[in-house]
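# Coordinate inspection notes
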Amino acid sequence: MPFWKSLLNDIDFYLVTDSGLSRKGTLSDVKCAVSAGCKIVQYREKDKTTKEMIEEAILIRKICGDNAIFLVNDRIDVALAAGADGVHIGQDDMPIDLARNILGENKIIGLTVHNTDEAIEAERKGADYVGFSPVFDTTTKKDAGRGVGPDRIQAVKTIIDIPIVAIGGINKDNCVSVVENGADSLVAISAIVCSDDVRRETEYFIATIRKIKQNP
Ligand code: 3NM
């Protein structure tokens, strides 16, 4: 059984890399987050060549080891070349059933969804988790659209059984509402990679999320 099968149901804080925003670089961010206890890392890179991405992804694979699930955003080729545990794809990327044909049953596929219909479809087609977005307004992804508000997570939570990862405009001030509304995990890109202490911020998010899950 792949090591991630049990980890995926136990993720709190989810790191997504962003080399454009990062203060100390992607590899430093991954090292700090994993050493702080982050159990899932997504390599999201828009500005590098395929060769550069594969080289960096191989290093991230090593940092994650068996302590953190390692996924690649969009790029199934890079994920396979680097021995990642799977991919995260969007609604306009490769259809999930075709991605599954390429990756097989032992890899994770996460899919971004924006509403309950897309969430039901994602689970039906075999997604291992959904990324629900955008919860709040964000400037990190220019075409993300307006935030829908954390209460919309509740509707998704009641209709699917796979984990829900919330994303979009999440920070230390609003993360409690995200988990209280049913998110299993959350991404906070700028709140983490723009900080001068990624380890400390990751620890804060993990502790906050766990506290709410333990005392719902
Ligand atoms: N995807 P921040 S929003 C990568 O809506 C990404 O699908 C989104 O960054 C979506 O935490 C987003 O800094 C960026 O707001 C989230």
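The notes below deal with the structure included here. Bear in mind the structure is a predicted one, so any value in this text is a computation, not a measurement. (Residues numbered from 1 in each chain as written. Predicted model: local features only at pLDDT ≥ 70, side-chain atom pairs only at ≥ 80, totals over all residues. Heavy atoms only, no water.)

### Remarks on the overall build of the chain
Rules: Secondary structure follows DSSP: runs of H or I at least 4 residues long count as helices, runs of E at least 2 residues long count as strands, and numbering of each begins at the N terminus. Two things to know: the radius of gyration comes from C-alpha atoms, and the globule rule equals 2.2 Å times the number of residues to the power 0.38. We call a residue buried when its accessible area falls under 20% of the maximum for its residue type, exposed when it is over 50%, and partly exposed in between, using a 1.4 Å probe and counting protein chains only. Two residues form a contact once any of their heavy atoms are found within 4.5 Å. Using a 1.4 Å probe, accessible areas were evaluated by the Shrake-Rupley method; residue-level cover was limited to the displayed protein chains.
Each helix and strand in the chain was counted, giving 10 helices and eight strands. Its C-alpha atoms give the chain a radius of gyration of 16 Å, within 12% of the compact-globule value 17 Å for 216 residues. Across the 216 residues in the chain, those meeting the buried criterion constitute 49%. Intrachain contacts of the chain at a sequence separation of at least 6 include 58% that bridge at least 24 residues. Of the roughly 10,000 Å² of accessible surface on the chain, a fraction of 49% belongs to carbon and sulfur atoms.

### Some words on the packing of helix α2 (residues 26-35) against helix α3 (residues 50-64)
The relative placement of two packed helices comes down to the angle between their axes together with the axis-to-axis distance. To be explicit about the condition: Working convention: axes come from line fits to C-alpha atoms, limited for helices to the stretch in contact. Angles between N-to-C directions cover 0 to 180 degrees. Each angle receives one of four descriptions, namely roughly parallel if under 35 degrees, roughly antiparallel if over 145, roughly perpendicular if within 65 to 115, and oblique otherwise. What makes a crossing left-handed is the near helix being turned counterclockwise from the far one by less than a right angle; a clockwise turn instead makes it right-handed.
It is at 10 Å that the axes of α2 and α3 come closest, and there the two elements cross at 15°. Considering their axes alone, α2 and α3 lie roughly parallel with respect to each other. Handedness of the crossing formed by α2 with α3: right-handed. In contact with Thr26, Leu27, Val30, Lys31 and Val34 of α2, α3 contributes Glu56, Leu59, Ile60, Ile63 and Cys64.

### A closer look at the packing of aromatic side chains
Convention followed: For Phe, Tyr and Trp, where Trp contributes only its six-membered ring, two rings pair if their centres lie within 6.5 Å, and the inter-plane angle classes them as stacked under 30 degrees, edge-to-face over 60, or tilted in between. Both a distance and an angle decide whether a charge sits over a ring: NZ of Lys or CZ of Arg must be within 6 Å of the ring centre and within 35 degrees of the ring normal.
Under the definition given, this model contains three aromatic pairs. Seen from their ring centres, Phe13 and Phe205 are 5.3 Å apart, and the 25° between their planes marks the pair as stacked. Taken together, the residues span a long stretch of sequence, with Phe13 in the loop between α1 (4-7) and β1 (14-16) and Phe205 in helix α10 (residues 198-214) at a distance of 192 residues. Judged by its relative accessible area of 0%, Phe205 is buried. Here the basic side chain of Lys172 rests over the ring of Tyr204, its NZ or CZ set 4.8 Å away from the ring centre.

### Describing the layout of surface pockets
Counted only if it meets this: The rule is simple: put a 1 Å grid over the protein atoms alone, call a set of points where a 1.4 Å probe fits but cannot get out a cavity, call an open set with protein on both sides within 12 Å along at least five of seven lines a pocket, and count a residue as lining if it has an atom within 4 Å of a point. Grid points are joined across faces, edges and corners, and a volume is the space filled by probe spheres set on the points. Following the grouping adopted for this structure description, the nonpolar residues are Ala, Val, Leu, Ile, Met, Phe, Trp, Tyr, Cys and Pro, the charged ones are Asp, Glu, Lys and Arg, and the polar ones are all others, Gly among them.
If you add up the space inside the largest pocket, you get close to 920 Å³. In this structure, the largest pocket is lined by 43 residues; those nearest its centre are Arg44, Asn73, Lys141, Asp143 and Ile167. Of all the elements in the fold, those that place two or more residues in the lining of the largest pocket are β1, β4 (86-89), β6 (129-132) and α9 (189-193). For the lining of the largest pocket, the element with the most residues is α9, which contributes three residues. Across the lining of the largest pocket, the residue classes break down as 13 nonpolar, 19 polar and 11 charged. Of the pockets and cavities examined, the second largest pocket occupies roughly 160 Å³. Elements with a contribution of two residues or more to the lining of the second largest pocket: α5 (96-103) and α6 (116-124). Here the residues of the lining of the second largest pocket sort into six nonpolar, two polar and five charged.

Structural measurements only, silent on function.
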